[in-house]
Amino acid sequence: MNIHKIKYAIARPVFQQLAELRWNRCKDRITLRFLCNYAGVSEKFLTPEAQVKLDNKVVMLAKAGGGYILKNSLVFSVLDHSEEILVEALKLGALTVVTKKAIPGYPCIVVDNPMFLYARMANYYRSRIDAPVTAVVGSIGKTTTKMMLGAVYSQYANTCYENGNFTNITHILQLCQQLSPRYKQIICEISEANYGTIEAASIALTPKVAVITAIDMSHMEEFGDPEEIKRQVCAISKNLDSEGAVVVNKDEFSSFEYLNNRRVITISQKESADYFVQNVVVDKKGICFELKDNLKNENHTIRLSNVWGKHNVGIAAQVFAAAAFLNIPSEKIIKGLRAYAPQGIRQNVYKTLDGRIVYADCFNAVAKSIDSAITAAGTIPVSGKKVAVLADVEEAGVVSEQMHHRIVDIANKSDFDMIIAYGPKLNKAISQYPDPIVKKIVRCEKFGDVVQCVRNNVKRGDLVLFKSSHSWHLDRCIKIMWPVSFYYRLFKEKIPYLLWRIGIEFN
């Protein structure tokens, strides 16, 4: 029995009805003919069955294989869905489906890339909102960057952003249709999980600012080549606003040739840049640093509370640069950065009821982010010892073995007292090292062993870091060991997200 399928079967009709009510209130539905003209689709791409529907009003754009297929919606085969799924969408009331291959006897729009057509049509809805879009892309630090931007922009204007994992292309295209004029700033985090998704998001959003975080070898299974990952991430610049800019960290970014000759704003902690970071001080409260604004010839002192790690200093500098480009006053930016607080299971540090310190950063991982997490956690002052729980990195593709060896090297060089390793790839890498080198690493084959090892070795005053790909669910260990602390924080953080989602769905 699949409990998730049962829950979905019960919930879907309820939310479908709510969505129908919401969309039925919309008086400005546009026709299929208008959308096709806007997106540059000739009538020759429509099957005869679809051509007779050109003057029907479209309720919404949706993907096949999920979501709400409302009456007269336009459904896209974003990820090459099967003919059966597309026919099911039509039976549920879709006006027509956009696909790569016509389905005989059914209304279809046949194009080479349904995802890009989806984006061009979604851009119509986006174009009705004047608020500038800040797009956040990259392999590491996207969510932290988005949340810092949200904390800053919210000091100045009503801002649309969220603290959940609302990052894939279908989420972004859904968001375009549900933006409210009340928003004066929009922030979107975009995943590069599949070919073309960031370019499609760029088409739909036409961002004013693109913040590119550190790029590493995540999603190697999809792309197979580090250079291709860089090209895919930098594709956000292809449809940037004509007066827009890309914000990069020169210490980590070198792929300027992929930025399509867009204006680039740079930050650095090592060399000359538009914004230069200096005098970084780490204390028990977090990080304090000075930021020299070479564009305005100003100096600012910035404090980040409950935040550690020099990579977060770089992120804060990029946030400052993006906000300053949008003419947000520097005092508002500094106030917003001071107000920023990590959330969920991403770089979130909190003290449990029994006196342990938990550093939860177990949503995504590559070797570089593991290095950053260990370095950051290592700077947190504690009275006891430091323990790190690490698990396998997924989606590393052909570089998986090399990456896990690199993780073992990072763990051995750290000043942590104990490393708890979980997962066959990481344990295989450890087994290839001489015993004296890995003496502080404890290998666990089962999740229960991880929980028991944490229970036996993490005492009052100790710090424990959880870092892995989300598929290993290391957050379960936190839930088991410290449920009150975990769920209390989760409840506080998720209420604003739920309110945001309700506002987006039914504004």
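In this text the structure is predicted, and so the values were computed from the model without any measurement.

Conventions we followed
Residues take numbers from 1 onward in each chain, read along the sequence in its written order. Per-residue local features of the predicted model are confined to residues with pLDDT of at least 70, and side-chain atom pairs are confined, for both listing and counting, to 80 or more; whole-chain, interface and lining totals are unaffected and use all residues. Based on all heavy atoms of the structure, the side-chain values leave hydrogens and waters out of the count. Every helix listed is a DSSP run of H or I at least four residues long, and every strand listed is a run of E at least two residues long, numbered separately from the N terminus. Using a 1.4 Å probe on the protein chains alone, a residue whose accessible area is under 20% of its type maximum counts as buried, one over 50% counts as exposed, and one in between counts as partly exposed. Contacts between residues were defined by any pair of non-hydrogen atoms, one from each residue, lying within 4.5 Å. Here the open area of atoms and residues is found with the Shrake-Rupley method and a 1.4 Å probe, where only the protein chains shown may cover a residue. For two strands to pair, DSSP has to find at least two bridges joining them. Look down the strands so they point away from you; if going from the first strand over the helix to the second traces a clockwise path, that crossover is right-handed. In this description, the term disulfide denotes a pair of cysteine sulfurs within 2.5 Å. Fitted lines through C-alpha atoms give the axes, limited to the stretch in contact for helices. The angle between two N-to-C directions lies from 0 to 180 degrees. Read the arc as the range of directions from the helix axis to the C-beta atoms. In summary, the pairing rule links any two rings of Phe, Tyr or Trp, Trp by its six-membered ring, whose centres are within 6.5 Å, and it sorts them by plane angle into stacked for under 30 degrees, edge-to-face for over 60 and tilted for everything else. Comment: the charge-over-ring label is applied if NZ (Lys) or CZ (Arg) is within 6 Å of the ring centre and within 35 degrees of the ring normal. Nine residue types can take part in a nonpolar core, namely buried Ala, Val, Leu, Ile, Met, Phe, Trp, Tyr and Cys, and a core is a set of them joined through side-chain atoms within 4.5 Å. A residue's pLDDT is simply how confident the predictor is in it, with values from 0 to 100. The length a helix should cover is 1.5 Å for every residue beyond the first. Between N or O atoms, a polar contact is any pair within 3.5 Å; within protein, one atom must be a potential hydrogen donor and the other a potential acceptor, and residues adjacent in sequence are included only when both atoms are from side chains.

1. As for the overall build of the protein
Move 1: Looking only at helices and strands, the protein features 18 helices and 21 strands.
Move 2: The burial tally for the protein puts 56% of its 507 residues in the buried class.
Move 3: Sequence separation of at least 24 residues holds for 64% of the intrachain contacts in the protein that already meet a minimum separation of 6.
Move 4: Counting only carbon and sulfur atoms, one obtains 52% of the accessible surface of the protein, whose full area is about 21,900 Å².

2. Points about the pairing of strand S5 (residues 96-99)
Move 1: A two-sided burial pattern is seen for S5, the buried positions comprising Thr96 and Val98 on one face and Val97 and Thr99 on the other.
Move 2: Bridging between strand S4 (residues 74-76) and S5 involves three bridges; their strand directions are parallel. Across the sheet, residue phenylalanine 76 finds its bridge partner in S5, namely valine 98.
Move 3: For the handedness criterion, the β-α-β arrangement of S4, helix H4 (residues 83-91) and S5 is classed as right-handed.
Move 4: Note: S5 against strand S6 (residues 108-110), three bridges, orientation parallel. Opposite valine 97, over in S6, you have cysteine 108 as the bridge partner.

3. A few points about the state of the cysteines
Such a bond, covalent and formed between the sulfur atoms of two cysteines, is termed a disulfide.
Move 1: One pass over the structure, following the stated rule, counts zero disulfides.
Move 2: Cysteine 160 takes part in no disulfide bond, and the closest cysteine sulfur to it belongs to cysteine 188, at a distance of 6.6 Å.

4. Overview of the environment of alanine 89
Move 1: By secondary structure assignment, the location of alanine 89 is in helix H4.
Move 2: When near neighbours in sequence (up to four residues on either side) are disregarded, alanine 89 contacts Ile69, Val75 and Ala94.

5. Quick word on the sheet that holds strand S18 (residues 386-391)
Strands belonging to one sheet form pairs held by backbone hydrogen bonds; the direction of such a pair is parallel or antiparallel.
Move 1: Read from one edge to the other, the open sheet built from six strands follows the order S16-S17-S21-S18-S19-S20, with strand pairing classed as mixed. A single partner strand is all that each edge strand has here, and the edge strands are strand S16 (348-351) and strand S20 (441-444). On average, adjacent strands in this sheet sit at an angle of 15 degrees to one another, irrespective of strand direction.
Move 2: Both S18 and strand S21 (residues 463-467) contribute to a ladder of five bridges, which runs parallel. Residue pairing across strands places lysine 386 opposite leucine 463, the latter belonging to S21.
Move 3: Packing of helix H16 (residues 447-457) onto the sheet brings it into contact with S18, strand S19 (418-422), S20 and S21, and relative to S19 it is tilted by some 165 degrees.

6. Structural notes on helix H15 (residues 424-431)
Move 1: All of the buried residues in H15 are Leu426, Asn427, Ala429 and Ile430. Projected down its long axis, H15 shows its buried positions confined to an angular sector of 155 degrees, all on one face. Exposed and facing more than 90 degrees away from the buried side of H15 are Pro424 and Lys428.
Move 2: Elements in contact with the buried residues of H15: S18, helix H14 (400-413), S19 and S20.

7. Overview of the packing of aromatic side chains
Move 1: Counted under the stated rule, the structure contains nine aromatic pairs.
Move 2: Between the aromatic rings of phenylalanine 34 and tyrosine 124, the centroid separation amounts to 5.0 Å while the plane-to-plane angle is 75 degrees, which identifies the pairing as edge-to-face. Linking phenylalanine 34 in helix H2 (residues 32-39) with tyrosine 124 in helix H5 (residues 114-127), this pair joins segments that are 90 residues apart in sequence.
Move 3: Residue tyrosine 124 is classed as buried on the basis of its relative accessible area, which comes to 14%.
Move 4: Considering the side-chain rings of tyrosine 38 and tyrosine 124, the 5.5 Å spacing of their centres and the 75 degrees angle between planes classify their relative orientation as edge-to-face. In this pair, tyrosine 38 is assigned in helix H2 and tyrosine 124 in helix H5, connecting sequence segments 86 residues apart.
Move 5: Looking at tyrosine 38, the relative accessible area reads 36%, which means it is partly exposed.
Move 6: Here the aromatic cluster, defined as three or more aromatic residues joined through ring pairs, consists of Phe34, Tyr38, Tyr124 and Tyr125.
Move 7: Over the face of the ring belonging to tyrosine 183 we find arginine 182, whose NZ or CZ atom lies 4.8 Å from the ring centre.

8. A word on the nonpolar core
Most often, soluble globular proteins have nonpolar side chains that are buried together.
Move 1: The biggest cluster of nonpolar side chains holds 63 residues, and the ones touching the most others in it are Leu61, Leu74, Ile109, Ile190 and Ile212.
Move 2: Excluding residues within four positions of it along the chain, leucine 74 makes contact with Leu32, Leu35, Val58, Met60, Leu61, Ala62, Thr96, Val98, Ile109 and Met121.

9. Describing the sheet that holds strand S3 (residues 61-63)
Move 1: Read across the open sheet, the four strands follow the order S3-S4-S5-S6; overall the sheet is parallel. Edge positions in the sheet fall to S3 and S6, since each has one partner strand and no second. Averaged over all adjacent pairs, the angle separating strand axes in this sheet is 25 degrees, with direction ignored.
Move 2: Contacting S3, S4, S5 and S6, H5 crosses the sheet at an angle of about 150 degrees to S3.

10. Regarding the confidence of the model for the protein
Move 1: Looking at the protein, pLDDT values average 86 and 86% of them are 70 or higher.
Move 2: Summarising per-element confidence for the protein, the mean pLDDT is lowest in helix H9 (residues 220-223) (58) and highest in strand S10 (residues 209-212) (97).

11. Some remarks on H14
Move 1: For H14, built from 14 residues, the straight-helix expectation of 20 Å at 1.5 Å per residue is met to within 8% by its first-to-last C-alpha distance of 20 Å.
Move 2: Listing the buried residues of H14 in full gives Ser400, Met403, His404, His405, Ile407, Val408, Ile410, Ala411 and Asn412.
Move 3: Along its buried surface, H14 packs onto helix H13 (367-378), S18, S19, H15 and S20.

12. Comments concerning the environment of tryptophan 308
Move 1: Assignment of secondary structure puts tryptophan 308 in the loop between strand S15 (298-305) and helix H11 (310-325).
Move 2: Sequence separation of tryptophan 308 and lysine 284 is 24 residues, and the distance between their C-alpha atoms is 9.4 Å.
Move 3: A distance of 3.2 Å separates a polar atom in the side chain of tryptophan 308 from the backbone oxygen of aspartate 283.

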